[in-house]
Amino acid sequence: MAEKALSDVEITGHEQIEVFGAREHNLKNIDVIIPRNKLVTVTGISGSGKSSLAFDTIYAEGQRRYMESFSAYARSFIGDMERPDVDKINGLSPVISIEQKTTSRNPRSTVGTTTEIYDFLRLLYARAGIAYSYVTGKPMIKQTQDQIVDQILEEYEGQKLTILAPLVKGRKGHYRELFVQIRKMGYTKVRVDGEVQDLVPKMQVDRYKIHDIEVVIDRIMPQKEDRYRISQSVGTALKTGKGSMLLLDQKDEVKYLSQNLMDPESGISYEEPSPNSFSFNSPYGSCPTCNGLGKVEEITEESIIPDKSLSISRGGIVALGEYRDLWIFKQIQVILKKYKANVSTPIEKIPEEGLKTILYGSDDPVAVPSKKYPGEDWNTKFEGIINFLKRQQESDNDKIQDWLQDFMIVKTCPDCEGARLRIESRHFKIADKNISELAEMDISDLADWFENIETRLTDKQLQIATEILKELRKRIGFLNGIGLDYLTLNRPLKSLSGGEAQRIRLATQIGTQLVGVLYIMDEPSIGLHQRDNVKLIKALKDLRDLGNTVLIVEHDKDMMLESDYILDIGPGAGRHGGKIVGQGTPEDFLKNGSPTADFLSGRQQIEVPKERRKGNGKSVVLKGATGHNLQNVDLKIPLGKMVCVTGVSGSGKSSLIHDTLFPILNRHFFRAKREPLEHKKVTGLEHIDKVIEVDQSPIGRTPRSNPATYTGMFTDIRALFAELPESKIRGYKPGRFSFNVKGGRCETCQGGGMKKVEMDFLPDVHVECETCKGKRFNRETLEVRFKGKSIADVLDMTVEEAMQFFENQPRIQRKVSTLFDVGLGYITLGQHATTLSGGEAQRVKLSEELSKRDTGKTLYILDEPTTGLHFQDIKKLLDVLQKLADKGNTVLIIEHNMDVIKVADFIIDMGPEGGTRGGQIVAQGTPEEVSKVKESFTGYYLKAEL
């Protein structure tokens, strides 16, 4: 009888994960039961405590138990992990967390290196790649000693032949010692630069010229019976020439032979390839010009002279600034005199040669009249401004490096053309493609290329590659399966959105095929079009079907309805949340009365407006955008409306708006440096007076940044505290209440409230300061109180409490209420920036912009503002955005959320697919018009919503 498979209960003794008494952050001592081996969604209003339960309680406890399994010695490096505030957790499996925020900022991390696909490709090319010469383009050959002897006997029988061993190839030097050494070895002749000479004592060559030097090993007339002698000579030549040798025939023609890979025509040879030869992070494979980054930073004429109509004295050369009584200006004055110009001449009118001398210097001395000794001249060489700046690039001084950054332009590396690899590595091919060409392909094209690769390989390649190909196809399949088919392997990880990076790690995890693990994920659906949601849900179900529990913190409607179990936390945010308001399978859950269930069942919904805004009739037009995958796109944005840019992931929305339009506007209004992607022209800029982009980058990278400092509210609060009678008696100024300045802050943690503990092989950990207990200020500062609250108490208030507390302080009240309006009533004013999610950081920025007085001619650009928002919060956010548009401003939103798309006045839908098959505008118009376009995926899903 077949044995029954062990059930999960028999292995662990638990059918479910039981959490008792969770009190972390705002959780109200709750008990939760989560079924194992199921897909479980944790949902609820933003700030209700979802992450506190999933990450800060369950994941933290799982991680702590894992650390407990280390030896005491290893734990001494890590320190003990804080126990989460929970009574007990039963049935916990090993935990893996896949979050959005841990994207690498390293330019060397790419999609290929993270998913390990590139590592398998490197192995494939090192073992099965065919080398071609970069000079002649012909295949390289390598021969054994016996093959070389056979070739000599076959081709040169009865001819005079000289066997040479190469010692120096294309290098400068006098080589005196080398000639002495060759004589000591018993040789009498050498060939220098193509001419055979006798070795004489004290022989040397011109040290400043480039030389080729070979030693004459033997002179023979090959006959079959001389095979032994020829073999000995060939062996000696290969040993002396480190695997290479040359044959010189009667007609003085040279043939190259080698045991290594060599081009028989030009004589260039390659090292034996190893996986490192194809790594742009290794000195063996990376392009020496850009060190494997694919880009170089250059100082160019354009970057230091942006406006040629200015003169040098008026600051035309930005690196010098305006005219001052400095030595360099005196030198320039003397140089210009020679070309009948001076420092007041506009740069465009200075003769070409004169400008070249100023920028690149000259060898002629410059004679500057001396002040100290009238009638005398100081003769000095002028280095040239660009040469001087290039020399400063080697400086270790941070200030100099920051200053130089203003004149740097990032360009594609001229040597490898962005491929990142050295020239030899780019000439190993499989089926006519080198490894860089594969790394440039979209994942979907790469999958097609590997589809029937066997038919294009030789038998020997097939034997080597079978296993590697199996692994490659599997991993590429996982990326394809979760809707990332539009990415390329060499796409830097730092250029991905949080959701994309998270899905890449999800694909890597599915690839590891672990069983019995608890996966916790944070909104994996971010940045996904409704169409690709299906793929993601399938991937999560596959992970569950392997025998894992998948716990996701999510707001997506489809994801909730497709999961096995839903946990709803609420009812409110912050202190009003932290309780379980509903749980059960989707069918049971829809029957309860929680806000989430109301929206899921359609009892409550975001209304479609009765009529769409007409706008002000003007528009901004961008013509001929061709950056990244954009296919000569003409974009017309109607002003005075709420406009949504939609399309499947990778269709070119960010390339068009974030990388082309925004840098153009930013440069026009604020003289920003960032270069937009290629485009022809932009018109209509006169109809707007400023542009504001609100993205999801953090509001600060240290615990010192917080919503109060970012929105500028803290300056007003400090001024208020400095005005109090108690402060005036003590002589306290606003600086006393700053945690960044000496005086009022706690000096132990220097006002951070936290101390950074550096871990050797783990991320740094921040622990509460033991002196001020996280209050950030010293005792004297905390004695000053406003309405009974100290400055530290104010930073601990939630936005909602601060609204009532500051109701009579209009300046502070305005900033606090905009934070509340964008749905952040639950965060505290002093919450560390590092603990805010991407969506929260974006809404803090949004509120900071909203609290400014608007002009009615502003263009706001938002990138997925619904990230991390519950249906109820989306409703609030839309009210705020609608108010902005009502005042005549233009709100441009890149978005996948159908609730936002359906209320927009105008939609621009990109597509039709992602990557190279995208980059066009598929449909545009009102939501009703777009829903009728057959080619538009957005239109298809929009029809159902409307």
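Structural notes, computed from the coordinates. Computed from a prediction, not measured in an experiment: that's the story for all the values here. (Residues numbered from 1 in each chain as written. Predicted model: local features only at pLDDT ≥ 70, side-chain atom pairs only at ≥ 80, totals over all residues. Heavy atoms only, no water.)

1. Quick word on the overall build of the protein
Within the protein one finds 34 helices and 34 strands. If you line up the protein on its principal axes, its C-alpha atoms span 110 × 105 × 65 Å. Counting over 946 residues, the protein shows a buried share of 51%. Across the protein, contacts joining residues at least 24 apart in sequence account for 68% of those joining residues at least 6 apart. Taken together, the 131 basic and 134 acidic charged side chains of the protein have centroids lying 5 Å from each other. (Helix = DSSP H or I, 4+ residues; strand = E, 2+ residues; numbered from the N terminus. Buried < 20%, exposed > 50% of the residue type's maximum accessible area, 1.4 Å probe, protein only. Contact = heavy atoms within 4.5 Å. Lys, Arg positive; Asp, Glu negative; His and termini not counted. Charge placed at Lys NZ, Arg CZ, Asp CG, Glu CD.)

2. Some thoughts on the environment of Val 135
Mapped onto the elements, Val 135 comes out in the loop between strand S6 (130-131) and helix H6 (145-155). For the pair Val 135 and Glu 265, spaced 130 residues apart in sequence, the C-alpha to C-alpha distance is 9.1 Å. In contact with Val 135, other than residues within four places in its own chain, are Asp 263, Ser 266 and Ile 268.

3. Re the pattern of salt bridges
Inspection of every chain in the model, using the stated rule, returns 55 salt bridges. Asp 87 is paired through a salt bridge with Arg 23; the nearest N and O atoms lie 2.9 Å apart. A residue pair is termed long-range when its members are at least 10 positions apart, and Asp 87 in the loop between helix H3 (72-78) and strand S4 (88-90) and Arg 23 in the loop between strand S1 (16-22) and strand S2 (30-35) qualify at 64 residues. The structure contains a network of salt bridges with shared partners spanning Glu 61, Arg 64, Arg 65 and Glu 68. (Salt bridge = Lys/Arg side-chain N within 4 Å of Asp/Glu carboxyl O.)

4. Some remarks on the nonpolar core
Of all hydrophobic cores here, the largest spans 74 residues; its most connected members are Ile 717, Phe 721, Phe 806 and Leu 881. Among the elements that take part in this core, helix H31 (residues 871-886) stands out by supplying 8 residues, more than any other. Look past the residues within four positions of Ile 717 in its chain and what remains in contact with it is Ile 791, Val 794, Phe 806, Ile 812 and Leu 829. (Core = buried A, V, L, I, M, F, W, Y, C linked by side-chain atoms within 4.5 Å.)

5. Overview of helix H34 (residues 937-945)
For H34, every residue scored as buried is listed here: Thr 938, Gly 939 and Leu 942. The buried side chains of H34 occupy one side of the element, clustering within an arc of 90° when seen end-on. Residues of H34 that are exposed and point more than 90 degrees away from the buried face comprise Tyr 940, Lys 943 and Ala 944. Of the surrounding elements, those touching the buried residues of H34 are strand S26 (642-647), helix H32 (898-903), strand S33 (906-911) and helix H33 (927-930). Capping the start of H34 is the job of one residue whose side-chain oxygen sits 3.3 Å from the backbone nitrogen of Thr 938: Ser 936. (Arc of directions from axis to C-beta. Polar contact = N/O pair within 3.5 Å; in protein donor to acceptor, adjacent residues only side chain to side chain.)

6. Section: a negative patch on the surface
On the surface, a cluster of negative charge is made up of Asp 396, Asp 398, Asp 402 and Asp 406. Within the fold, Asp 406 resides in the loop between helix H13 (398-405) and strand S18 (408-412). Taking the relative accessible area as the measure of exposure, Asp 406 reaches 41% and is therefore partly exposed. (Patch = residues over 30% accessible without salt bridge, like charges linked within 9 Å, V, L, I, M, F, W, Y side chains within 5 Å. Areas by Shrake-Rupley, 256 points an atom, 1.4 Å probe, with all protein chains shown as cover.)

7. So, unusual backbone geometry
Of note, the amide linkage connecting Gly 570 to Pro 571 takes the cis form, showing an omega dihedral of -5°. The amide bond that connects Gly 911 to the next residue, Pro 912, takes the cis arrangement and shows omega of 0°. Within the fold, Pro 912 resides in the loop between S33 and strand S34 (920-925). In this model, Tyr 175 sits at a positive phi of 55°, which is unusual for a non-glycine residue. Checked against the element boundaries, Tyr 175 lands in the loop between strand S7 (161-172) and helix H7 (176-184). The backbone of Glu 417 shows a phi angle near 55°, a positive value even though the residue is not glycine. Position of Glu 417 relative to the elements: it lies in the loop between S18 and strand S19 (428-429). Judged by its relative accessible area of 67%, Glu 417 is exposed.

8. Brief notes about the sheet that holds S7
Here we have 6 strands laid out as an open sheet, ordered S9-S8-S10-S7-S11-S12, and antiparallel in their pairing. Of all the strands in the sheet, just strand S9 (195-198) and strand S12 (254-258) have a single pairing partner and so form its edges. The sheet shows a mean angle of 35° between the axes of neighbouring strands, direction not considered. When strand S11 (residues 244-248) meets S12, the two strands line up antiparallel, connected through 5 bridges. Residue Leu 247 lies in a different strand from S12, and its bridge partner there is Lys 255. Helix H8 (residues 227-240) contacts S7, strand S10 (210-220) and S11 of the sheet and is inclined by roughly 160° relative to S10. (Pairing = 2+ DSSP bridges. Axes fitted to C-alpha atoms, helices over the stretch in contact; angles between N-to-C directions.)

9. Remarks on the side chain of Gln 842
Structurally, Gln 842 can be placed in helix H30 (residues 838-850). One polar contact links the side chain of Gln 842 to the main-chain carbonyl oxygen of Asp 863, over a distance of 2.8 Å. Each residue touching Gln 842, except ones within four places of it in the same chain, is listed here: Val 694, Asp 695, Gln 696, Leu 862, Asp 863, Glu 864 and Pro 865.

10. Re the environment of Leu 685
Structurally, the position occupied by Leu 685 is in the loop between strand S27 (681-683) and strand S28 (690-694). Judged by its relative accessible area of 12%, Leu 685 falls in the buried class. Remark: the alpha-carbon pair of Leu 685 and Leu 892, spanning 207 residues in sequence, is separated by 15 Å. Contact partners of Leu 685, with chain neighbours within four places excluded, come to Val 620, Leu 665, His 668 and Phe 669.

11. Some details on the pairing of strand S21 (residues 549-553)
Taking burial as the measure, the 5 residues of S21 include 5 buried ones, the bulk of the element. What you see with S21 is no split at all: Thr 549, Leu 551 and Val 553 on one side and Val 550 and Ile 552 on the other are buried throughout. Bridge analysis of strand S3 (residues 39-44) against S21 gives 4 bridges, and the strand direction is parallel. Across the sheet, residue Val 40 finds its bridge partner in S21, namely Leu 551. With 5 bridges connecting them, strand S20 (residues 518-522) and S21 associate as parallel partners.

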